[in-house]
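Okay, here's what each chain looks like letter by letter:
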Amino acid sequence: MHVTHIESTEQRRWAQAPIAALDEDALTLTGERRQKVLGFGGCFNELGWEALQKAAPADRDAFLDELFSEGGCGFNYGRVPIGANDFILEWYSCDETDGDFALDHFTIERDRQYTLPYVREAQKRQRDFTLFASPWSPPTWMKTKRAYNFGRLRMEDAVLSAYADYFVRFVKAYAAEGVRVSQVHVQNEPMADQKFPSCLWRGEDMRRFIRDYLGPAMEASGLDTEIWLGTINGPFSDFMLPGSSAPFSEFYDQFAGTVLSDERARRYITGVGLQWGGKHVMEEITASYPELRYMQTESECGDGRNTWTHMEYIFRQMWFYLRHGAERYTYWNMALLEGGVSTWGWAQNSLCTICPQTGALTLQPEFYLMKHAAHFVRPGARMLVTQGHWTSNTLAFENPDGSRVLLVGSNMDRERTFSFEDGDVRFSARIPAHSLHTFLIEA
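Below is a summary of the structure that appears in this document. (Residues numbered from 1 in each chain as written. Predicted model: local features only at pLDDT ≥ 70, side-chain atom pairs only at ≥ 80, totals over all residues. Heavy atoms only, no water.)

## Let's talk about the overall build of the protein
Then, in step 1: Along the backbone of the protein there are 11 helices and 20 strands.
Then, in step 2: Relative to a compact globule of 443 residues, whose C-alpha radius of gyration would be 22 Å, the protein shows 22 Å and is just as compact.
Then, in step 3: When its C-alpha atoms are laid out on the principal axes, the protein stretches across 70 × 50 × 40 Å.
Then, in step 4: Of all 443 residues assigned to the protein, the portion counted as buried reaches 59%.
Then, in step 5: Looking at the protein alone, contacts between residues at least 24 apart form 71% of all its contacts between residues at least 6 apart. (Helix = DSSP H or I, 4+ residues; strand = E, 2+ residues; numbered from the N terminus. Rg over C-alpha atoms; globule rule 2.2 N^0.38 Å. Buried < 20%, exposed > 50% of the residue type's maximum accessible area, 1.4 Å probe, protein only. Contact = heavy atoms within 4.5 Å.)

In structure tokens:
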């Protein structure tokens, strides 16, 4: 067996590091193999594409190679908004013509200017690249208040039918551009009433829309695009009492359980997408519906300072979602200008930043986390269950070719020794304070 050890610290990133003879207290495998891990990806946002245009062409191409090529992260899917999201240059939908129930004025012309060129850079570098898509807001004329960042979908037959067709039209329009949308998630953060484009949903309304409108419309269209219950973003705390800061309407039984317990709605649902506060109900959902598939849909975004400490937090988040059955892990902004300020004023992290004055492109700490995982864990890898005192710091995978990958992170303030033992594979390695490691074990 051959073991490759790649290490990153805040001062020294993506460097080969040694291994040593087995020490005590080794991590071991239980023999249990869990979900297939189908890939890693990021989100295609207009502000990211605008930022990349300010980089030198050679630097931009090198960064895109790092994201999507097999020699880099090998991202094999991505996320796009249906209409405007919170990292858009200006708010829009695909049909803002009031009362256009026939969607005669539906268009993705704006996507052709901004989103699709970004996606095509991924397609150049990654065969069979695919997308999942979700709206942040329906067209404003379909809402109870004519605003992108307020209100709910009007639960009227004509509106619901038109909105279901809106999803179908979007998928078909992207297909006509040579871009496959393999999944639609019904609403980005259905529990978020925000300054940015948003739309609140009740569990019973989501159930009705999927069961009676979106599911039948997708089925009748002949598309193979999957419908996912996502992207669930609440409740925002565990086991909170009614009347506290997390509304009762966000709890498992009131939202996810309401939708999934309806057999007619569930027959159209392939999986559940979760982000932010959705992690607080993930265990309840997966326990009751193990037959469904699960994915993490948006990495938590930080404050634009791109610190090593926040990367360590995102490692903990990655550990949680993959340990709890997620088949994919999705980063949020792949690129932003320095400062990372959204259209509505929130500075957020990104995998790279670009200086608006010089065009200099800088890889940020969370890029290295994504590469530590995505470069080594191949689509179709199986999550492996570990036991031992390093379990809460380790993600273990078996690739389709039989190689194994250990992703190890330590947020501690002191150096430790990591040890691993499985059959004839027995080794140890020095783990510096606040460091990230990948061990690739090959025959």
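Having put the structure on the table, let's press on.
## Considerations on the sheet that holds strand β7 (residues 181-185)
Then, in step 1: Spatial ordering of the open sheet is given by β10-β9-β8-β7-β6-β5-β4-β11, a layout of eight strands whose pairing is parallel. Of all strands in the sheet, those with a lone pairing partner are β10 (293-298) and β11 (328-333), marking the two edges. Strand-to-strand twist of the sheet, defined as the mean angle between neighbouring strand axes without regard to direction, takes the value 30°.
Then, in step 2: In the sheet, strand β4 (residues 39-43) pairs with β11 via four bridges, with the strands oriented parallel. By the bridge assignment, Phe-40 is partnered in β11 with Tyr-329.
Then, in step 3: Sitting on the sheet, helix α9 (residues 279-288) is in contact with β8 (226-232), β9 (269-275) and β10, with an inclination near 150° to β9. (Pairing = 2+ DSSP bridges. Axes fitted to C-alpha atoms, helices over the stretch in contact; angles between N-to-C directions.)

## Here's the deal with the packing of aromatic side chains
Then, in step 1: Within the structure shown, the criterion is met by 29 aromatic pairs.
Then, in step 2: Ring geometry for Phe-418 versus Phe-427: centroids 6.4 Å apart, planes at 55°, classification tilted.
Then, in step 3: Site record: aromatic cluster; members linked through ring pairs are Phe-44, Trp-49, Phe-68, Phe-75, Tyr-118 and Phe-129.
Then, in step 4: The cationic tip of Arg-267 hangs over the ring face of Tyr-268; the distance from NZ or CZ to the ring centre is 4.4 Å.
Then, in step 5: Above the ring of Trp-390, the side-chain terminus of Arg-416 is found at 4.0 Å from the ring centroid. (Phe/Tyr/Trp six-rings, centres within 6.5 Å; stacked < 30°, edge-to-face > 60°. Lys NZ or Arg CZ within 6 Å of the ring centre and 35° of its normal.)

## A look at the packing of helix α2 (residues 57-68) against helix α4 (residues 115-125)
Then, in step 1: At a closest axis distance of 9 Å, the pairing of α2 and α4 adopts a crossing angle of 65°. For the element pair α2 and α4, the recorded crossing hand is right-handed. Residues Asp-61, Leu-64, Asp-65 and Phe-68 of α2 pack against Tyr-118, Glu-121, Ala-122 and Arg-125 of α4.
Then, in step 2: Along the lines of polarity and charge, the residues of the contact of α2 with α4 split into four nonpolar, no polar and four charged. (Left-handed = near helix turned anticlockwise from the far one by under 90°. Nonpolar A, V, L, I, M, F, W, Y, C, P; charged D, E, K, R; others polar.)

## Some points on the state of the cysteines
Then, in step 1: Summed over all chains, the structure comprises zero disulfides.
Then, in step 2: Cysteine Cys-43 remains unbridged, with the sulfur of Cys-301 as its closest cysteine sulfur at 11 Å.
Then, in step 3: The thiol of Cys-73 is not disulfide-bonded; the next cysteine sulfur, from Cys-352, is found 11 Å away.
Then, in step 4: Look at Cys-73 and you get buried, because its relative accessible area is 0%. (Disulfide = S-S within 2.5 Å.)

## Some words on the pairing of strand β19 (residues 425-431)
Here is the key point about a regular strand: its side chains alternate between the two faces of the sheet.
Then, in step 1: The element β19 is largely enclosed, with a buried count of five among its seven residues.
Then, in step 2: In the sheet, strand β18 (residues 416-422) pairs with β19 via seven bridges, with the strands oriented antiparallel. By the bridge assignment for β19, Ser-419 is matched with Ser-428.

## Thoughts on helix α11 (residues 365-374)
For an α-helix, the turn length of 3.6 residues means that residues three or four places apart are oriented alike.
Then, in step 1: For α11, the tally of buried residues reaches 10 of 10 residues, placing the bulk of the element in the interior.
Then, in step 2: Considered for burial, the residues of α11 that qualify are Pro-365, Glu-366, Phe-367, Tyr-368, Leu-369, Met-370, Lys-371, His-372, Ala-373 and Ala-374.

## Side note on α9
Then, in step 1: Taken together, the buried positions of α9 are occupied by Val-281, Met-282, Ile-285 and Thr-286. Taken end-on, α9 shows its buried residues confined to a sector of 140°, consistent with a single buried face. Away from the buried face of α9 by more than 90 degrees, exposed residues Glu-283 and Ala-287 are located.
Then, in step 2: Those residues of α9 that are buried are in contact with β8, α7 (256-260), β9, β10 and α10 (308-323). (Arc of directions from axis to C-beta.)

## Quick look at unusual backbone geometry
Then, in step 1: Here the bond from Gly-230 into Thr-231 is cis, since omega is 0°, no more than 30 degrees from zero.
Then, in step 2: Turning to its location among the elements, Thr-231 is positioned in strand β8.
Then, in step 3: Cis geometry marks the peptide bond from Gly-234 to Pro-235, where omega comes out at 5°.
Then, in step 4: The topology assignment puts Pro-235 in the loop between β8 and α7.
Then, in step 5: Backbone geometry at Asp-128 places phi at a positive 60°, although glycine is not the residue there.

## So, the pattern of salt bridges
Then, in step 1: This structure, assessed with the given rule, holds 33 salt bridges.
Then, in step 2: Where Glu-90 meets Arg-110, a salt bridge forms, and the shortest distance between an N and an O atom there is 3.4 Å. Taken together, the positions of Glu-90 in the loop between β5 (77-81) and α3 (109-113) and Arg-110 in helix α3 put the pair 20 residues apart, joining distant regions of the chain.
Then, in step 3: We classify Glu-90 as partly exposed; its relative accessible area is 47%.
Then, in step 4: On the basis of relative accessible area, Arg-110 is assigned to the buried category, the value being 15%.
Then, in step 5: A salt bridge links Arg-120 to Glu-177; the shortest N-O distance between them is 2.9 Å. With Arg-120 in helix α4 and Glu-177 in the loop between α5 (157-176) and β7, this pair connects stretches of sequence that are 57 residues apart.
Then, in step 6: Residues joined by salt bridges that share partners form a network here, namely Asp-61, Asp-65, Glu-121, Lys-124 and Arg-125. (Salt bridge = Lys/Arg side-chain N within 4 Å of Asp/Glu carboxyl O.)

## Observations regarding the side chain of Thr-9
Then, in step 1: Structurally, the position occupied by Thr-9 is in strand β1 (residues 2-9).
Then, in step 2: What makes Thr-9 buried here is its relative accessible area of 11%.
Then, in step 3: Ignoring sequence-local partners within four residues, the contact set of Thr-9 consists of Trp-308, Pro-432, His-434 and Ser-435.

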